[in-house]
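# Architecture at a glance
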Amino acid sequence: MNRTTAGWINGLIGVLIFSGSLPATRVAVMQFDPVFLTVARATIAGILALVLLLALKQKRPTGPQLLSLAIVAAGVVIGFPLLTALALQHVTSAHSIVFVGLLPLMTAIFGVIRGGERPRPAFWLFSVAGSALVVGYALVQGLTASPKGDLLMLAAIIACGLGYAEGGKLSRTLGGWQVICWALVLALPLMLLISLLTMPESFAGIEAPAFLGLAYVSLFSMLIGFVFWYRGLSQGGIAAVGQLQLLQPFFGLALAASLLNETVTWGMLTVTLAVILCVAGAKRFAR
């Protein structure tokens, strides 16, 4: 298996794991405060990351790498989780998932700015077309149900795209799983402090689904998914593999329908097929 194919496989595994993030966050934020949920998931994942780094005796990052890690932490450890948790107080997970359709394009743009990648013009045609299909479908369904929720989701996508691109670039020298682990550890002192300050006085009234949602976003969304995702971006290219995120809204909508009883229509399935074709086209012209 060549490096590019391995990158796409790792990237797809990452996308599948991330697809459960917004439904799980939606479940958790129904009973947990959004700020506590954000810092608690980062704290849990950060402690696990620290244990992993110490157990495997990983070399500490250099000064320039620490700056990149700070950008990663700001984007994917703090920014995206917090902004999506706040947004999900105003919109459903099915509604919010559609915004993920903008994430591949945002990641590709930051891949050019931060990663020095130069995809061919045809790549941008397929990338924009894929994003337009997803966002267009959202507009047809009524995207303006909550302007506040929509603006929060848009800010989350910008933060996440930057964090993805920066992490993908850094993975080339630091390693995929090391990037997310060091980013989590870098944010851990602050996340732990805020967790203690915002912790509920009692967990007695919080039901099992909320705890399961917290467990998923802490272990899978915050740590395991990034191990595959950053490795995939490093192997297959930030802009190219990033297009796999076009599929994430539809994986997520399937989960929202099956787990949260949110509606998924035939129109969404039709758009899914068209998006798959756009991903295939983007892959062909990525380099």
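Refer to the structure above for everything that follows.
### Examining the environment of Trp177
Secondary-structure assignment places Trp177 in helix α9 (residues 176–198). A residue is classified by how much of its surface remains accessible, and Trp177, at 17% relative accessible area, is buried. For Trp177 and Tyr230, which are 53 residues apart along the polypeptide, the C-alpha to C-alpha distance reads 7.1 Å. Each residue touching Trp177, except ones within four places of it in the same chain, is listed here: Leu52, Leu53, Leu56, Gln58 and Val227.

### Brief notes about unusual backbone geometry
In this model, Lys57 sits at a positive phi of 50 degrees, which is unusual for a non-glycine residue. Looking at where Lys57 falls in the secondary structure, it is placed in the loop between α3 (34–55) and α4 (63–87). By relative accessible area, which is 77% here, Lys57 ends up exposed.

### Here we look at the environment of Trp229
Here Trp229 lies in helix α10 (residues 208–236). Judged by its relative accessible area of 0%, Trp229 falls in the buried class. Note: C-alpha distance between Trp229 and Val241 (12 residues apart in sequence) is 8.9 Å. Beyond its immediate sequence surroundings of up to four residues, Trp229 is in contact with Asn10, Gly11, Gly14, Val15, Phe18, Tyr164, Val241, Gly242 and Gln245.

### With respect to helix α1 (residues 3–18)
Helix length check: α1, at 16 residues, gives a terminal C-alpha distance of 22 Å against a target of 22 Å (1.5 Å per residue), a fit within 8%. Taken as a whole, α1 has its buried residues at Ala6, Gly7, Trp8, Asn10, Gly11, Gly14, Val15, Ile17 and Phe18.

### A look at the packing of aromatic side chains
Under the defined criterion, the tally for this structure stands at 12 aromatic pairs. Ring centres 6.2 Å apart and planes at 75 degrees place the aromatic pair Phe18 and Trp229 in the edge-to-face group. On the criterion of sequence distance, the pair formed by Phe18 in helix α1 and Trp229 in helix α10 is long-range, its members being 211 residues apart. Of the two residues, Phe18 and Trp229, both sit in the buried class. Arranged with centres 5.1 Å apart and planes meeting at 25 degrees, the rings of Tyr216 and Phe220 form a pair that is stacked. Residue Tyr216 and its partner Phe220 are both found in helix α10; the two are separated by four residues, about one turn of the helix. The class for Tyr216 is partly exposed, based on a relative accessible area of 25%. Owing to a relative accessible area of 31%, Phe220 belongs among the partly exposed residues under this scheme.

### Details of the nonpolar core
Core analysis: the biggest nonpolar cluster contains 74 residues, and Val76, Val77, Tyr164, Ile180, Phe226, Trp229 and Tyr230 have the highest contact counts within it. Every residue in contact with Val77, bar those within four places of it in the chain, is listed here: Thr38, Ala42, Val72, Ile180, Ala183, Leu184, Ala187 and Met222.

### What about the packing of α3 against α9?
Contact geometry of α3 with α9 gives a least axis separation of 6 Å together with a crossing angle of 135 degrees. When the interaxial angle is binned, α3 and α9 end up oblique. Classified by chirality, the crossing of α9 by α3 is left-handed. Within the contact of α3 with α9, the residues separate by chemical class into 20 nonpolar, four polar and no charged.

### Some words on the side chain of Ser68
Relative to the elements of secondary structure, Ser68 occurs in helix α4. Once residues within four sequence positions are removed from consideration, Ser68 is found in contact with Glu166, Lys169 and Leu170.

Reading guide: rules and limits
Residues numbered from 1 in each chain as written. Predicted model: local features only at pLDDT ≥ 70, side-chain atom pairs only at ≥ 80, totals over all residues. Heavy atoms only, no water. Helix = DSSP H or I, 4+ residues; strand = E, 2+ residues; numbered from the N terminus. Buried < 20%, exposed > 50% of the residue type's maximum accessible area, 1.4 Å probe, protein only. Contact = heavy atoms within 4.5 Å. Expected span 1.5 Å × (residues − 1). Phe/Tyr/Trp six-rings, centres within 6.5 Å; stacked < 30°, edge-to-face > 60°. Core = buried A, V, L, I, M, F, W, Y, C linked by side-chain atoms within 4.5 Å. Axes fitted to C-alpha atoms, helices over the stretch in contact; angles between N-to-C directions. Parallel < 35°, antiparallel > 145°, perpendicular 65-115°, else oblique. Left-handed = near helix turned anticlockwise from the far one by under 90°. Nonpolar A, V, L, I, M, F, W, Y, C, P; charged D, E, K, R; others polar.

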